[in-house]
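Okay, here's what each chain looks like letter by letter:
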Amino acid sequence: MIWFALAGILVAAEIFTGTFYLLMIAVGFCAGGIAAVAGVPFYGQFIAAGISGGVVTLALRNSRLFKKHRVHPQRNPSVLLDIGQTVEVRQWENPQNGIYRSRASYRGALWDVELLPAGRPEAGLFIIREIRGATLLVENSKT
C-alpha cells in the first residue's frame, strides 16, 4: 500500500507543477505496488518501479505531445522582431564559397548581410529570414 500512497502523493504534487513527469513516476510507483501485491521481493518491486517509470517517462518525452514544431530562435519572429522585415542591399560582393555577402544599413547601423542559397544576387529589397550574431541572412523580396 506504501507504493500506491506514494503514487497518490506524486499525482497530487503534479497538480502544482503542470508537467507530466511526476505522473509518469507515479505510474512507476503503481508498477512497484502491483509487484508488491503479486508477492515480488522488495528489490524486484524497486526494479519494476524504476524500469516502468523510466520507460513511460522516455515514451512521454519522445511522444508527439512534446514534439511541437519548434522554430530555432534565430529564425523565430516571436524572439527576433527583425525577422520578416526588409533591408535594402545596393550591391553584392563576389561570392566566397558560393555565398554572396554585403554590408547594408538597417535601423541606423551597418550590418553584414548574407544571401541565402535560393536568393538572386541583385540590388534591391530583401527580407530578413534569420539573424546570426551581427549578420542578417536574407532572401529576395517578392515585390
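Just so it is clear, the model here is predicted, and its values are computed rather than measured.

A cluster of nonpolar side chains, contributed by Met1, Phe4, Ile34 and Val37, occupies part of the molecular surface with about 480 Å² of accessible area. Counting through the fold element by element, Met1 comes out in the segment before helix 1 (2-17).

Next up on the list: helix 3 (residues 42-61). Residue pairs spaced three or four apart in an α-helix point in one direction, given the helix's 3.6 residues per turn. The terminal C-alpha atoms of helix 3, which comprises 20 residues, lie 28 Å apart, in line with the 28 Å expected from a rise of 1.5 Å per residue. Within helix 3 the residues assigned to the buried category are Gly44, Gln45, Ala49, Ser52, Gly53, Thr57 and Leu60. Each element contacted by the buried residues of helix 3 is listed here: helix 1 and helix 2 (21-37).

Throughout the structure, instances matching the rule amount to five aromatic pairs. Judged by centre distance (5.6 Å) and plane angle (90°), the ring pair of Trp3 and Phe29 falls under edge-to-face. Taken together, the residues Trp3 in helix 1 and Phe29 in helix 2 connect sequence positions 26 residues apart. The buried category is assigned to Trp3, whose relative accessible area is 10%. An angle of 85° between the planes, with centres 4.7 Å apart, marks the rings of Phe42 and Phe46 as edge-to-face.

Now for the pairing of strand 1 (residues 86-89). Side-chain alternation along strand 1 places Val87 and Val89 on a buried face and Thr86 and Glu88 on a face that remains uncovered. When strand 1 meets strand 4 (residues 124-132), the two strands line up antiparallel, connected through four bridges. Residue Val87 lies in a different strand from strand 4, and its bridge partner there is Phe126.

Definitions and limits used
Residues numbered from 1 in each chain as written. Predicted model: local features only at pLDDT ≥ 70, side-chain atom pairs only at ≥ 80, totals over all residues. Heavy atoms only, no water. Patch = residues over 30% accessible without salt bridge, like charges linked within 9 Å, V, L, I, M, F, W, Y side chains within 5 Å. Areas by Shrake-Rupley, 256 points an atom, 1.4 Å probe, with all protein chains shown as cover. Salt bridge = Lys/Arg side-chain N within 4 Å of Asp/Glu carboxyl O. Helix = DSSP H or I, 4+ residues; strand = E, 2+ residues; numbered from the N terminus. Expected span 1.5 Å × (residues − 1). Buried < 20%, exposed > 50% of the residue type's maximum accessible area, 1.4 Å probe, protein only. Contact = heavy atoms within 4.5 Å. Phe/Tyr/Trp six-rings, centres within 6.5 Å; stacked < 30°, edge-to-face > 60°. Pairing = 2+ DSSP bridges.

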